[in-house]
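# Commentary on secondary and tertiary structure
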Amino acid sequence: MKTFQQIREQAINRVFGNFIKDEDGRVHYDMSSIPEEEWILFVAVMELMRGGLEYQEVLGRAREKAEGNLKEDINRFYSRLRTEYRSGKRYSFKEWISILRELMDELD
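Residues numbered from 1 in each chain as written. Predicted model: local features only at pLDDT ≥ 70, side-chain atom pairs only at ≥ 80, totals over all residues. Heavy atoms only, no water.

Moving on, we get to the overall build of the chain. Counting its regular elements, the chain contains three helices and two strands. Taken from N to C terminus, the helices and strands of the chain fall in the order α-β-β-α-α. The buried share among the 108 residues of the chain stands at 7%. Counting only contacts in the chain whose residues sit at least 6 apart along the sequence, the fraction spanning at least 24 positions is 20%. Summing over all exposed atoms, the chain offers an accessible surface of approximately 9800 Å²; the carbon and sulfur share of this is 58%. (Helix = DSSP H or I, 4+ residues; strand = E, 2+ residues; numbered from the N terminus. Buried < 20%, exposed > 50% of the residue type's maximum accessible area, 1.4 Å probe, protein only. Contact = heavy atoms within 4.5 Å. Areas by Shrake-Rupley, 256 points an atom, 1.4 Å probe, with all protein chains shown as cover.)

In structure tokens, the structure reads:
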């Protein structure tokens, strides 16, 4: 019966080909022992992973930029609303609606 270590090494050998461990514990693979069809699959998987990482990076930068713009807009909205409210001027309901409409337009 095979031990877990033997089964593990057999699986690694099947996936990565022949390998040699040196005295430092590092592993060196014999790339020529890997079948060509497995290389094609490996390259395809790596391209998918790289594409996904690039997409996540671009998406993260776009999200940060959008959040920064939104924070600035909301701060400007609150500031102007606070200024209008604390001015002490009496507004009718219709005037308040027009002020809020202008402020909401600034958010867009």
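Residues Leu41, Phe42, Val43, Val45, Met46 and Met49 make up a contiguous nonpolar surface patch of roughly 550 Å² in combined accessible area. Structurally, Met46 is set in helix H2 (residues 36–86). (Patch = residues over 30% accessible without salt bridge, like charges linked within 9 Å, V, L, I, M, F, W, Y side chains within 5 Å. Salt bridge = Lys/Arg side-chain N within 4 Å of Asp/Glu carboxyl O.)

One turn of the α-helix equals 3.6 residues, which is why residues spaced by three or four share an orientation. Under the 1.5 Å per step criterion, the end-to-end length of H2 is 74 Å for 51 residues, consistent within 8% with the ideal 75 Å. Phi for Gly88, located one or two positions after H2, is positive at around 85°. (Expected span 1.5 Å × (residues − 1).)

A word on the pattern of salt bridges. Tallied over the entire structure, the rule returns three salt bridges. Here Asp22 ties to Arg26 by a salt bridge, and the two come within 3.5 Å at their closest N and O atoms. Between Arg26 and Asp24 there is a salt bridge whose closest N-O contact spans 3.1 Å. Classification of Asp24 by relative accessible area gives exposed; the value is 56%. Each member of the salt-bridge network shares a partner with another, and the members are Asp22, Asp24 and Arg26.

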